[in-house]
Amino acid sequence: MLLRNATLAGTAANTPYGLMTQAAIWVEDGVIRWVGPDADVPREAANAPSEDTEGRLITPGLIDCHTHVVFGGHRAGEFEMRLNGATYEEVAKAGGGIVSTVTATRTASEETLLVDALKRVDALIAEGVCAIEIKSGYGLDVETELKVLRVARQIGQQRPVRVKTTFLGAHAVPPEYKGRSADYISEMCLPALEQAHQQGLVDAVDGFCERIAFTAEELEPVFERAKALGLPVKLHAEQLSNIGGTQLAAKYGALSADHVEYATEEDAKAMAGSGSVAVLLPGAFYTLKETQKPPVEAFRKHGVPMALATDCNPGSSPMTSLLLTMNMGCTFFGLTPQEAFLGVTSHAAQALGLTDCGALRPGLRADLAVWDIEHPAELAYRIGFNPLVRRIFGGAA
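Residues numbered from 1 in each chain as written. Predicted model: local features only at pLDDT ≥ 70, side-chain atom pairs only at ≥ 80, totals over all residues. Heavy atoms only, no water.

Asker: Summarise the overall build of the protein; cite the residues concerned and give the values.
Answerer: The secondary structure content of the protein amounts to 15 helices and 15 strands. The C-alpha radius of gyration of the protein comes to 21 Å, within 12% of the 21 Å expected for a compact globule of 397 residues. Each principal axis of the C-alpha atoms in the protein carries an extent, and together these give about 70 × 40 × 40 Å. Contacts in the protein between residues far apart in sequence, at least 24 positions, make up 71% of those at least 6 positions apart. For the protein, the computed accessible surface area is about 15200 Å², with 50% contributed by carbon and sulfur atoms. Looking at charge distribution, the protein has the averaged site of its 34 positive side-chain charges lying 1 Å from that of its 48 negative ones. (Helix = DSSP H or I, 4+ residues; strand = E, 2+ residues; numbered from the N terminus. Rg over C-alpha atoms; globule rule 2.2 N^0.38 Å. Contact = heavy atoms within 4.5 Å. Areas by Shrake-Rupley, 256 points an atom, 1.4 Å probe, with all protein chains shown as cover. Lys, Arg positive; Asp, Glu negative; His and termini not counted. Charge placed at Lys NZ, Arg CZ, Asp CG, Glu CD.)

Pasting the structure below:
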């Protein structure tokens, strides 16, 4: 296809947003073949079906680089508890939090998990999302962790969306291992990771480094095993306190460190040195009524790429809108609309280790979103409004 008379954002042009007006984009065999001024369309594109976009904005397909969309049940009761004054840690210690979702996920059938997850994924697709990351972590036993990852793989087969799976066996300590974190890692987490890798179910490995979860030292064996298996790592780090997670992530060259509200300038320097992306998750910040903001200025100062994601999960971020995430990133964390745009396109791709999407350049996948707006800043500016006209996935509308 040849899309003409368009405004493009995310091109290689040396302009804010990579903006190009009165432009065209030529797609062939699922790949972007050419991007440039409408007046300079190459002759080779002459036979492609042509469409006048009437000046609409075309961006790369959006990328949600941190989600937990496969889970059982819900946690509306805990939402009420927090509104009545309980903290996230108090909810967790009372038997709520991650462990309550683990119980519901263990008892849910694979079919039920898939049906429920598809509803959440469909909401993301409807906002122009073409790629999502899906984590395990609500099983905390071998079979359920594998079950969640199988469901994640099925989502990529049943919907036109690219799915990257992440093993998050080190998400919490289940009740049967209470007080025995190290035993849980050696007896359940590592064997589950091995099986997930053998079955082709895992693309990356994650952990939750926090006082209510695991220390950096406890997570090192997980990262060592991931390294031995040739799998990239990422980490939930510095969400509620600073216990060295970001430094651990940087040490292992993590794709990303996520949350990072309590990260310091030294952490930002370490991330810059390792090439890790800072994935900001304003949905959890909002839901938990947090006040500690991530060190955005330090990330800017040291050139750390910042991505944005929904963190869709049943407890701390029951959100399925990446557009709302962009607005929250600007409103709560002080990102510019341009940073928010990069955060759900090129920087989100980097956070998943993807090099063939996230921008409008020849040779990349033709994952595109066509919007009925004039400027990309409108994507972060509006609240509760979805201007998507059309989503093109791998060259197919």
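We are not done yet, so read on.
Asker: Kindly report on unusual backbone geometry, identifying the contributing residues and their values.
Answerer: Despite not being glycine, Y17 shows a phi value in the positive range, around 65°. Within the secondary structure, Y17 is located in the loop between β1 (2-8) and β2 (20-28). The residue D311 is not glycine, and still its phi comes out positive at about 55°. One can find D311 in the loop between β13 (306-308) and α12 (322-333).

Asker: How would you sum up the UniProt feature "domain: Amidohydrolase-related" (unreviewed entry) in the protein? Please name residues and give values.
Answerer: Following the UniProt record, the feature "domain: Amidohydrolase-related" (unreviewed entry) maps to residues 58-376 here. The distance from the first to the last C-alpha atom of residues 58-376 is 9 Å, and the span holds 45% helix and 15% strand. (UniProt positions renumbered as here; feature names shortened; annotations may be inferred.)

Asker: Go over helix α5 (residues 142-158) with me, naming the residues and quoting the values.
Answerer: Over its 17 residues, α5 extends 25 Å from the first C-alpha to the last, a length consistent with the 24 Å expected when each residue adds 1.5 Å. Every buried residue of α5 is accounted for by T144, E145, L146, K147, V148, L149, V151, A152 and I155. Elements in contact with the buried residues of α5: α3 (98-107), α4 (110-125), β7 (129-135), β8 (162-170) and α6 (181-198). (Expected span 1.5 Å × (residues − 1). Buried < 20%, exposed > 50% of the residue type's maximum accessible area, 1.4 Å probe, protein only.)

Asker: Requested: an account of the packing of α5 against α6, with residues and values cited.
Answerer: Interaxial distance between α5 and α6 falls to 9 Å at its minimum, and their mutual angle equals 40°. Compared by their axis directions, α5 and α6 come out oblique. Relative to α6, α5 is oriented so that their crossing is right-handed. On α6, the residues touching V142, E145, L146 and L149 of α5 are M188, A192, Q195 and A196. Considered class by class, the residues forming the contact of α5 with α6 number six nonpolar, one polar and one charged. (Axes fitted to C-alpha atoms, helices over the stretch in contact; angles between N-to-C directions. Parallel < 35°, antiparallel > 145°, perpendicular 65-115°, else oblique. Left-handed = near helix turned anticlockwise from the far one by under 90°. Nonpolar A, V, L, I, M, F, W, Y, C, P; charged D, E, K, R; others polar.)

Asker: How would you explain the pattern of salt bridges if you had to name every residue and give the values?
Answerer: Pairing between side chains becomes possible if they bear opposite charge and their charged atoms approach one another. Going through the model one piece at a time under the given rule, you end up with 27 salt bridges. Among the salt bridges present, the one from E133 reaches K135, with a minimum N-O distance of 2.6 Å. For the pair E133 and K135, one class covers both residues: buried. Notably, a salt bridge pairs R382 with E378, separated by 2.8 Å at the nearest N-O pair. In the salt-bridge network here, residues are joined through shared partners; they are E133, K135, D206 and K234. (Salt bridge = Lys/Arg side-chain N within 4 Å of Asp/Glu carboxyl O.)

Asker: Now, about the pairing of strand β12 (residues 277-280): what can you tell me, with residues and values included?
Answerer: Side chains V277 and V279 project from β12 onto one buried face, and the interleaved A278 and L280 project onto a second face that is buried too. Examined bridge by bridge, strand β11 (residues 256-259) and β12 share three bridges and lie parallel to one another. Counted as the bridge partner of A257 is A278 from β12. For the segment spanning β11, helix α9 (residues 265-274) and β12, crossover handedness is right-handed. Where β12 and β13 come together, three bridges link them in parallel fashion. Paired with V279 across the strands is A307, a residue of β13. (Pairing = 2+ DSSP bridges. Right-handed = clockwise from strand over helix to strand, strands pointing away.)

Asker: Tell me about the UniProt feature "binding site: Fe(3+)" (unreviewed entry) in the protein, and name the residues and values.
Answerer: When the UniProt feature table is mapped onto this chain numbering, "binding site: Fe(3+)" (unreviewed entry) sits at H66, H68, H236 and D311. A maximum C-alpha distance of 12.4 Å among these annotated residues, which run over 246 residues, shows that they cluster at one spot. If you trace the backbone, H66 turns up in the loop between β6 (62-64) and α1 (76-83). Every residue in contact with H66, bar those within four places of it in the chain, is listed here: E133, K135, H236, D258, V279, L281, A309, T310, D311 and C312. A polar contact is formed between the side chain of H66 and the side chain of H236, at a distance of 3.3 Å. (Polar contact = N/O pair within 3.5 Å; in protein donor to acceptor, adjacent residues only side chain to side chain.)

Asker: I'd like a rundown of the confidence of the model for the protein, residues and numbers included.
Answerer: In this model, the protein carries an average pLDDT of 96, and 100% of its residues clear a pLDDT of 70 or more. By mean pLDDT, the top-scoring element of the protein is β6 (99), and the lowest-scoring one is helix α2 (residues 88-93) (78). (pLDDT = per-residue confidence, 0-100.)

Asker: Any chance you could break down the sheet that holds β8 for me, citing the residues and the numbers?
Answerer: Taken together, the eight strands give an open sheet; going across it, the order is β6-β7-β8-β9-β10-β11-β12-β13, and neighbouring strands pair in parallel fashion. Of all the strands in the sheet, just β6 and β13 have a single pairing partner and so form its edges. With strand direction ignored, the average angle separating the axes of adjacent strands in the sheet is 25°.

Asker: Kindly report on the environment of P362, identifying the contributing residues and their values.
Answerer: Within the element layout of this structure, P362 appears in the loop between α14 (346-351) and β14 (368-371). Distance from P362 to H197, taken between C-alpha atoms, is 33 Å for residues 165 residues apart in sequence. Beyond its immediate stretch of four places on either side in the chain, P362 contacts I32, R33, W34 and V35.

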